[in-house]
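# Observations on chain architecture
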2 protein chains.
Amino acid sequence: MEETPTPEALSKRLGEKVSVSGWVHDVRLLGGISFILLRNSEGMVQVTAPRKAVPKEVLDQVGSLHPEDVIRCTGVVKEAKVAKNGFEIIPERIDMISASATPLPLDPRGVTDANIDTRLNWRTLDLRRPEVQAVFRVQDALVEGMEAYLRASGFLRVFTPSILGGVSEGGAEVFKTDYYGKPAFLRQDPQLHRQLAIAGGLGRVYDLGPSWRAELSHTPRHISEHRTIAPELSFIHDERDTMRVEEAMLVSGIRKVNEKCRRELDVLQLDLEEPRTPFPELAFPELYDILKKLGHVLPRGSDLDRESERLLTEYVKQEHDSDFFFVNRFPSSVKPFYVMHVDAEPEFARSVDLVYKGLELSSGGQREHRHERIMDQISEKGLDQESLKWFTEPFRFGVPPHGGFSLGIERLTAWMLGLENVKEAALFPRGPERLQP
Amino acid sequence: MEETPTPEALSKRLGEKVSVSGWVHDVRLLGGISFILLRNSEGMVQVTAPRKAVPKEVLDQVGSLHPEDVIRCTGVVKEAKVAKNGFEIIPERIDMISASATPLPLDPRGVTDANIDTRLNWRTLDLRRPEVQAVFRVQDALVEGMEAYLRASGFLRVFTPSILGGVSEGGAEVFKTDYYGKPAFLRQDPQLHRQLAIAGGLGRVYDLGPSWRAELSHTPRHISEHRTIAPELSFIHDERDTMRVEEAMLVSGIRKVNEKCRRELDVLQLDLEEPRTPFPELAFPELYDILKKLGHVLPRGSDLDRESERLLTEYVKQEHDSDFFFVNRFPSSVKPFYVMHVDAEPEFARSVDLVYKGLELSSGGQREHRHERIMDQISEKGLDQESLKWFTEPFRFGVPPHGGFSLGIERLTAWMLGLENVKEAALFPRGPERLQP
């Protein structure tokens, strides 16, 4: 099964005979010498076939190879200072594993630049580009690092349901599903069931899975199906406990990327800095004053708009030299029924967003755990108490203070890597016009 | 934030003043002494209030507590040989965090046995039972251990889409979704997109997420929404490579449970043995002969029925002393279009199930990677080549041999822990009659 040894491992086997499988990334036929660049998930290996040193049938085979053929190359590892990893393989034998058709609808060498739609139509060929694979290796490490922090901090991973019998936040932008003849919905957020897990006494939990938004948005920030990592913790003092968890989780994710993805960061030509904690926190209503000073007047009670996010991002960068900042105490009127209002100033809530390089990355904060308050807030929002009973009833039987947040994995990946479109950080993204592949 | 220290940590703080938060599991008021059993996610702590040693207002509070009230108890840790963890807390102060209503619709003390429907209707209260929480702690450790093996073996975690533009296996048992006015479906298995990830050159990947089956089954083995851990690997020799990954992954999962869940296994009164590998392998068509000897005649070409699974389970237990066994080389006619047929005997396929204590736990094997064969097999199944083009086209451009499997997490958890119904291993299960909570 050792079909794709790493270039690093091969470089330590000078003089040995090896077999390496992969895709023909490129072939160059010169007069007295031919080169194959062989690509697999571990990297690139140079195969060098000097006319004098290689059997005629192997030379003929090299001459008839096409880009993206899958081959197995058997030969001796030879030191070669000019080759990328300091070695090359002199082929003794080449086996065709899976021949590729020509022409390619998309060239994984990325010589000709394809637009995002063509790339996503031919996502499998697009994925063969090292800089595209790098995105998903970084995403994997990021998630691994975030999960490692959560586990080490006593969070239990739980699987909460994706199909709901009611709309979680009363919004219209949900996908409807025919559930055995009854109407059902795909969740917009795993939050209500995380709260129920807390009500069930599972002290600290997190969910990692898909959510859906049926928005007709064609912005670079939206996809119809996305993944979140979403912790929830009980016996908190206030919403700031959730902020401390969030920033530590992010640092752990970024640290893991730096540990595990040197090659990928090289391919992407990126340096990732570990952010300093605590992240700066801006809070309503003071935030209206900051915005006013920055020349942007928002009426008290209004939500942040894109322009505010942009201005605050610049402001925080200048004042605190941070790419991350929390926005706390959102107006209760713009947040869902389950947020905890500030007792002394119920116009505002213990509701927290995390903004990263101008993008909303997560929403969360402290939830209301007092049954009568939850019921009041449902009514205030004009929602139906009866249809939310499946969620509210357990709060009659002893539920501790709790809070959490839900962080978008594709958004984090895309903005961290400077990608232009969040779709680039989803393996097979979904959008209003995209349901395949 | 140290509101729920473990009983173990507390037992090392004899003589110290501590605060512990949790639910009132039970209160007993005797003449000269009262007891509270305080329960939280870390276990149970005994609070002992001797009339002579505790202030009157605290005694009054203890007297008015109800089961499932959430309280914070502050007091001194005192050695107590008879108490469960060797200590008790003598309360100096009790704070009510969240009072519970009475009567409880379900008693977390589990004194009166509730049926599964009542339990699931009141899942949050059901979850407060230590033996129910233990299930989800074991499940978490199991998944953590399986993922640890996969990561250490070079598998990259990927997120593949849940909403599909076409039915993956041509089956009728899919949930239909309204996707911006177009028909779409929830995946039955993440398998086709894992194959596309392999076609995209991501050498080894796994998906961990939900799948759905709109079966009208009311058996203890079925839920409408389940989770699978599903690896896919390329450059395999044959389907046996996937079997080796699967058994090693399972051993790693079970090992992690034994490492991490001593308390939970005690609560469940279970001993988990690490299975020996390799798991026994039975294969068609020889399997028909074995069944015949066991008195069960199946016509050549037919699938296993429940009775066969039962008989083979007994047979393997007797012959190989194993709870696990692979069934290989299923008849091609009973498996989906994408399986690889055995070249020398195309009536049978490199298609593998894993059976555990009589239950099908996973399906997988080697996939067909040759474009023309895939197209032929689509036609043989009576499916439409055109509508599967989104899947088949990439196979024209060089795809290595590959295979994998998809293992049901709730099924594994339930059968491993001897639960009677797979629903018990889903936090908030979904079924034909159950969409809430």
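Coordinates for the structure precede this section.
Rules used throughout
- Residues numbered from 1 in each chain as written.
- Chains lettered and ligands numbered in written order.
- Predicted model: local features only at pLDDT ≥ 70, side-chain atom pairs only at ≥ 80, totals over all residues.
- Heavy atoms only, no water.
- Least-squares fit on C-alpha atoms with pLDDT ≥ 70 in both.
- Phe/Tyr/Trp six-rings, centres within 6.5 Å; stacked < 30°, edge-to-face > 60°.
- Helix = DSSP H or I, 4+ residues; strand = E, 2+ residues; numbered from the N terminus.
- Buried < 20%, exposed > 50% of the residue type's maximum accessible area, 1.4 Å probe, protein only.
- Lys NZ or Arg CZ within 6 Å of the ring centre and 35° of its normal.
- Arc of directions from axis to C-beta.
- Contact = heavy atoms within 4.5 Å.
- Pairing = 2+ DSSP bridges.
- Axes fitted to C-alpha atoms, helices over the stretch in contact; angles between N-to-C directions.
- Parallel < 35°, antiparallel > 145°, perpendicular 65-115°, else oblique.
- Nonpolar A, V, L, I, M, F, W, Y, C, P; charged D, E, K, R; others polar.
- Salt bridge = Lys/Arg side-chain N within 4 Å of Asp/Glu carboxyl O.
- Buried area = accessible area lost by both parts, 1.4 Å probe.
- Polar contact = N/O pair within 3.5 Å; in protein donor to acceptor, adjacent residues only side chain to side chain.
- Expected span 1.5 Å × (residues − 1).
- Left-handed = near helix turned anticlockwise from the far one by under 90°.

## A short note on the relation of the copies chain B and chain A
The operation relating the pair of chain copies consists of a rotation about an axis and a translation along that axis. Taken as rigid bodies, chain B and chain A are interconverted by a rotation of 180° and an axial shift of 0.0 Å, the fit giving an RMSD of 0.0 Å. Such a turn and shift between the copies fits a two-fold axis. Across chain B, the smallest distance between a C-alpha and the rotation axis is recorded for Thr177(B), namely 2.2 Å.

## Some words on the packing of aromatic side chains
Under the counting rule described, the total for this entry stands at 29 aromatic pairs over all chains. Between the aromatic rings of Phe235(A) and Trp23(B), the centroid separation amounts to 5.9 Å while the plane-to-plane angle is 80°, which identifies the pairing as edge-to-face. Of the two residues, Phe235(A) sits in the loop between β11 (225–234) and α7 (240–260) while Trp23(B) sits in strand β1 (residues 17–29), which places them in two different chains. Side by side, Phe235(A) and Trp23(B) carry an identical accessibility label, which is buried. Three or more aromatic residues joined by ring pairs make a cluster, and in this case those are Phe337(A), Tyr338(A), Trp390(A), Phe391(A) and Phe395(A). Here the guanidinium or amino end of Lys335(A) rests over the ring plane of Phe330(A), the centre of that ring lying 4.3 Å away.

## Things to note about helix α9 (residues 286–293) of chain A
One turn of the α-helix equals 3.6 residues, which is why residues spaced by three or four share an orientation. Residues and elements named next belong to chain A. Those residues of α9 that sit buried are Leu287, Tyr288, Ile290 and Leu291. Projected onto a plane normal to the axis of α9, the buried residues spread over an arc of 160° and lie on a single side. Relative to its buried face, α9 has exposed residues pointing more than 90 degrees away, namely Lys292 and Lys293. Those residues of α9 hidden inside the fold are in contact with β12 (281–283), α10 (306–320), β13 (324–328) and β15 (345–349). Just downstream of α9 lies Gly295, where phi reads positive at about 90°.

## Side note on the sheet that holds β12(A)
All names here are of chain A. As summarised here, the arrangement of the eight strands in space is β6-β10-β11-β18-β17-β16-β13-β12, forming an open sheet in which the pairing is mixed. The open sheet has two edge strands, β6 (156–157) and β12, and neither has a second partner. The pairing of β11 with strand β18 (residues 402–408) spans five bridges and is classified as antiparallel. Bridging across to β18, Thr228 finds its partner in Gly408.

## Some thoughts on the pairing of β11(A)
Residue and element names in this part refer to chain A. Of all 10 residues in β11, 10 are buried; the element is thus mostly enclosed. Along β11, one buried face is formed by Glu225, Arg227, Ile229, Pro231 and Leu233 and the opposite face, lined by His226, Thr228, Ala230, Glu232 and Ser234, is buried too. Of the pairings in the sheet, the one linking strand β10 (residues 204–212) to β11 comprises nine bridges and is antiparallel in character. Across the sheet, Tyr206 pairs through a bridge with Pro231, a residue of β11.

## A closer look at the packing of α9(A) against α10(A)
Residue and element names in this part refer to chain A. The geometry of α9 relative to α10 is characterised by a closest axis approach of 10 Å and an angle of 85° between their N-to-C directions. The angle between the axes of α9 and α10 places the two elements in the roughly perpendicular class. On α10, the residues that touch Leu287, Ile290 and Leu291 of α9 are Ser308, Leu311, Leu312 and Tyr315. The residue inventory of the contact of α9 with α10, partitioned by class, reads six nonpolar, one polar and no charged.

## Thoughts on the pattern of salt bridges
Side chains that carry opposite charge are capable of pairing whenever their charged atoms lie near each other. Residues and elements named next belong to chain A. Applying the stated criterion across every chain, the model contains 104 salt bridges over all chains. The partner of Arg434 in a salt bridge is Asp117, and the shortest N-O contact between them spans 3.1 Å. On the criterion of sequence distance, the pair formed by Arg434 in the segment after α13 (409–416) and Asp117 in helix α3 (residues 116–121) is long-range, its members being 317 residues apart. Judged by relative accessible area, Arg434 falls into the buried class, the value being 9%. Salt-bridge contacts for Arg370 lead to Glu368; the nearest nitrogen and oxygen are separated by 2.7 Å. The partly exposed category is assigned to Arg370, whose relative accessible area is 22%. The class of Glu368 is buried, set by a relative accessible area of 1%. Through salt bridges with shared partners, one network takes in Arg119, Arg123, Asp126, Arg129, Glu131 and Glu424.

## Description of the pairing of strand β17 (residues 359–367) of chain B
All names here are of chain B. Burial of β17 is extensive: seven of the nine residues sit out of reach of the surface. Note: strand β16 (residues 351–356) against β17, six bridges, orientation antiparallel. Paired with Val355 across the two strands is Glu360, which belongs to β17. Turn length for the β16-β17 hairpin, with the two strands adjacent in sequence and antiparallel, is two residues, and the turn residue Lys357 shows positive phi of about 45°. The pairing of β17 with strand β18 (residues 402–408) spans six bridges and is antiparallel. Within β18, the residue paired with Gly365 across the bridge is Gly404.

## Brief notes about the interface of chain B and chain A
Taken together, the contacts link 97 residues of chain B with 97 residues of chain A. Both sides together, the interface formed by chain B and chain A hides about 8000 Å², and carbon and sulfur atoms give 64% of it. Ranking the residues of chain B by area buried against chain A places Phe159(B), Phe235(B) and Phe397(B) at the top, with a combined share of 11%. Across the contact surface, chain B and chain A share six salt bridges. Of the charged contacts, one joins Asp140(B) and Arg151(A) as a salt bridge, the two residues approaching to 2.9 Å between their closest N and O atoms. Across the chain B-chain A interface, the total number found is 42 residue pairs in polar contact (both at pLDDT 80 or more). It is helix α5 (residues 130–152) of chain B that contributes the most residues to the side of chain B that touches chain A, nine residues altogether. For the side of chain B that touches chain A, a count of residues per class yields 50 nonpolar, 23 polar and 24 charged.

## Thoughts on the environment of Gly32(A)
All names here are of chain A. On the secondary structure map, Gly32 appears in the loop between β1 (17–29) and β2 (33–40). When the C-alpha positions of Gly32 and Glu360 are compared, they lie 57 Å apart, and in sequence the two are 328 residues distant. For Gly32, the contacting residues outside a window of four places in its chain are Ala49, Pro50 and Arg51.

## Concerning helix α10 (residues 306–320) of chain B
All names here are of chain B. Between the first and last C-alpha of α10 there are 20 Å, a value that for 15 residues agrees with the 21 Å anticipated at 1.5 Å per step. Residues of α10 that are buried: Ser308, Glu309, Leu311, Leu312, Thr313 and Val316. Residues of α10 that are buried in the fold lie against β12 (281–283), α9 (286–293), β13 (324–328), β16 and β17. Where α10 terminates, the next one or two residues include Asp321, which has phi positive at roughly 50°.

## Observations concerning the sheet that holds β18(B)
Residues and elements named next belong to chain B. Pairing within the open sheet is mixed, and its eight strands lie in the order β6-β10-β11-β18-β17-β16-β13-β12. Because the sheet does not close on itself, it has two edges, and the strands there are β6 (156–157) and β12. Where β12 lies against β13, three bridges are found, and the strand directions are parallel. Each bridged residue has a counterpart across the sheet, and for Glu281 the counterpart in β13 is Phe326. Those strands touched by helix α6 (residues 191–199) are β10 (204–212), β11 (225–234), β17 and β18, and its axis lies near 25° from that of β11. Its contacts with the sheet put helix α13 (residues 409–416) on β10, β11, β16, β17 and β18, and the angle it makes with β18 is roughly 55°.

## Section: the environment of Gly295(A)
All names here are of chain A. Its place among the elements puts Gly295 in the loop between α9 and α10. Accessibility expressed as a relative area gives 62% for Gly295, which makes it exposed. When the C-alpha atoms of Gly295 and Leu311 are compared, they prove to be 9.2 Å apart, with 16 residues separating the residues in sequence.

## With respect to the packing of α5(B) against α13(B)
Residues and elements named next belong to chain B. Following both chains from N to C, one finds α5 and α13 inclined at 120°, their axes separated by 10 Å at the closest point. One element, α5, and the other, α13, form an angle in the oblique class. Seen from above, α5 lies across α13 with right-handed handedness. On α13, the residues that touch Val135, Val138, Gln139, Leu142, Val143 and Met146 of α5 are Ile409, Glu410, Leu412, Thr413 and Met416.

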